[in-house]
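# Notes for the structure review
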Amino acid sequence: MITPTLHTAVETIMREVTRDVILPHYQSLTSEQIISKAVNDVVTVADRQSEAILTERLTALLPEAAVVGEEATFADESELLKLKDRLCWIVDPLDGTNNFASGKAPFGMLIALADKGETLGGWILDCLTGRFCHASTGGGAWVNGERLSARDTGEQPPVAAISLIFTEESRRERIRTEVAPHYRIVDIPRCAAEQYPRLALGQNDVAIFERTLPWDHAAGALFLNEAGGMAARPDGSPYRADEIERKGLIGAASPALFEDLAQRLAALEA
């Protein structure tokens, strides 16, 4: 399914939409072009324009695949049901929108292709630097055309980026007091298109995600796993794009780092 021709076509589309839509709006948005979606969440004219073009071009590229986009799903949650029974493109047209709207990095674009919830391919573009990551099931992970093997930071304690924004307060406090002291905590980038490469490229060792929406995680989880790291549910079960209501995901630079963090989180439930 993920042929070299398809990969090249997806990369071309992503780079052209970044050039023509996203970057022209960077640091030039008016207040009317930034709209609040929910607490701690905004959308911009760049998100909407980008998704519209990506949807059109990906549909033309693979007509048999539906498109599940972040903004279309915000307007109609039933869009998510497509993930359960068909081939789907999964599109985050502008990941890290809060950063983008504030005129700062990082922000990027995420696209995945999944069949009945199983991710087959993933593409991640850093819109400012042009760093391009991609992966396919059984085909390895690649960064700017070079095959990648995930590496940890080598630091002790390990480096952790822990996202607690969507975690219940009682659990949040227990993670802070019982899990975080075993790691060197760094700020989260609020951008999955940045967080997953950090885990594979030796910048972070582990990350915790509570909200696991498919446009944020389908491409990145596949990329990290194909690189030899590990992205999975805390109980070790694989991430699936069609498990819409399920929460909790760990990303780690190695299976050993994953297991150590998973055990610490499991102890919170004991």
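As shown above, the structure is provided for reference.
Here is a short report on the structure shown in this document. (Residues numbered from 1 in each chain as written. Predicted model: local features only at pLDDT ≥ 70, side-chain atom pairs only at ≥ 80, totals over all residues. Heavy atoms only, no water.)

## A word on the overall build of the chain
Put simply, the rule reads: Strands here mean DSSP runs of E at least two residues long; helices mean DSSP runs of H or I at least four residues long; both are numbered from the N terminus. Radius of gyration means the value over C-alpha atoms here, while the globule rule gives 2.2 Å times the residue count to the 0.38 power. The buried label applies to any residue whose accessible area, calculated with a 1.4 Å probe on protein chains only, is under 20% of its type's maximum; exposed applies above 50%, and partly exposed to all values in between. Whether two residues are in contact is decided by their heavy atoms: any pair within 4.5 Å suffices. Methods summary: accessible areas were calculated by the Shrake-Rupley approach with a probe of 1.4 Å, and residue burial reflects only the protein chains presented. Here Asp and Glu are counted as negative and Lys and Arg as positive; His is not counted, and neither are the chain ends. Charge coordinates come from a single atom per side chain, which is NZ of Lys, CZ of Arg, CG of Asp or CD of Glu.
For the chain, the count of helices and strands is eight helices and 14 strands. Here the C-alpha radius of gyration of the chain, 18 Å, is about what a compact globule of 270 residues would show, namely 18 Å. Considering only C-alpha atoms, the chain reaches an extent of 50 × 45 × 35 Å along its principal axes. Every one of the 270 residues in the chain was classed for burial, and the buried ones make up 54%. Put simply, 64% of the contacts in the chain that link residues at least 6 apart link residues at least 24 apart. If you sum the accessible surface of the chain, you get close to 11,700 Å²; carbon and sulfur atoms cover 50% of it. For the chain, the centre of its 26 positive side-chain charges and the centre of its 40 negative side-chain charges are spaced 1 Å apart.

## Structural notes on the sheet that holds strand E3 (residues 66-69)
Which entries qualify depends on this criterion: Any two strands with at least two DSSP bridges between them are considered paired. All axes here are fitted lines through C-alpha atoms, helices being fitted over the stretch that makes contact, and every angle between N-to-C directions spans 0 to 180 degrees.
Taken in spatial order, the seven strands line up as E3-E4-E5-E6-E7-E8-E9 in an open sheet, and their pairing is mixed. The open sheet terminates on both sides in strands that have one partner only, identified here as E3 and strand E9 (146-148). Put simply, the sheet's adjacent strands are angled 20° from each other on average, direction ignored. Bridging between strand E5 (residues 108-115) and strand E6 (residues 118-126) involves eight bridges; their strand directions are antiparallel. Bridging across to E6, aspartate 115 finds its partner in glutamate 118.

## Quick notes on the sheet that holds strand E13 (residues 230-232)
Taking strand neighbours across the sheet as the criterion, the five strands line up as E11-E10-E12-E14-E13 in an open arrangement whose pairing is mixed. Pairing within the sheet leaves two strands with one partner each, and these edge strands are strand E11 (184-185) and E13. Helix-sheet contacts for helix H8 (residues 255-269) involve strand E12 (206-209), E13 and strand E14 (249-252), and the interaxial angle to E14 is about 145°.

## Describing the pattern of salt bridges
Let me state the cut-off plainly: Just to be clear on terms, a salt bridge is a Lys or Arg side-chain nitrogen sitting within 4 Å of an Asp or Glu carboxyl oxygen.
Summed over the entire model, instances satisfying the criterion amount to 22 salt bridges. A salt bridge links aspartate 235 to arginine 246; its shortest N-O distance comes to 3.1 Å. Note that aspartate 235 is positioned in the loop between E13 and E14 and arginine 246 in the loop between E13 and E14, a separation of eleven residues in sequence. Note that arginine 240 is salt-bridged to aspartate 242, the shortest N-O span being 3.1 Å. With relative accessibility at 27%, the residue arginine 240 sits in the partly exposed group. Taking the relative accessible area as the measure of exposure, aspartate 242 reaches 11% and is therefore buried. The network of salt bridges with common partners includes Asp126, Arg131, Glu194 and Arg198.

## Examining unusual backbone geometry
In the segment running from alanine 105 into proline 106, the intervening peptide bond is cis, with an omega of 0°. With respect to the secondary-structure elements, proline 106 resides in the loop between helix H4 (97-101) and E5. Proline 157 follows glutamine 156 through a cis peptide bond whose omega is 0°. When you line up the elements, proline 157 lands in the loop between E9 and strand E10 (159-162). The backbone phi angle of glutamine 27 is positive, close to 60°, even though this residue is not glycine. One non-glycine residue, arginine 190, lies in the positive phi region at around 55°.

## Examining empty space enclosed by the protein
What counts here: Points on a 1 Å grid over protein atoms alone make up a cavity when a 1.4 Å probe fits among them but cannot get out, and a pocket when they form an open set with protein on both sides within 12 Å along at least five of seven lines; lining residues each have an atom within 4 Å of a point. Grid points are joined across faces, edges and corners, and a volume is the space filled by probe spheres set on the points. Nonpolar residues are Ala, Val, Leu, Ile, Met, Phe, Trp, Tyr, Cys and Pro. Charged residues are Asp, Glu, Lys and Arg, and all others, Gly as well, are polar.
Under the counting rule described, the total for this entry stands at one cavity of 30 Å³ or more. Reported here for the largest cavity is a volume of approximately 510 Å³. Those elements that place two or more of their residues in the lining of the largest cavity are strand E2 (41-44), helix H3 (70-75), strand E4 (87-95), H4, helix H6 (192-200), E12 and helix H7 (214-227). Here the lining of the largest cavity is composed, by residue class, of 13 nonpolar, seven polar and eleven charged.

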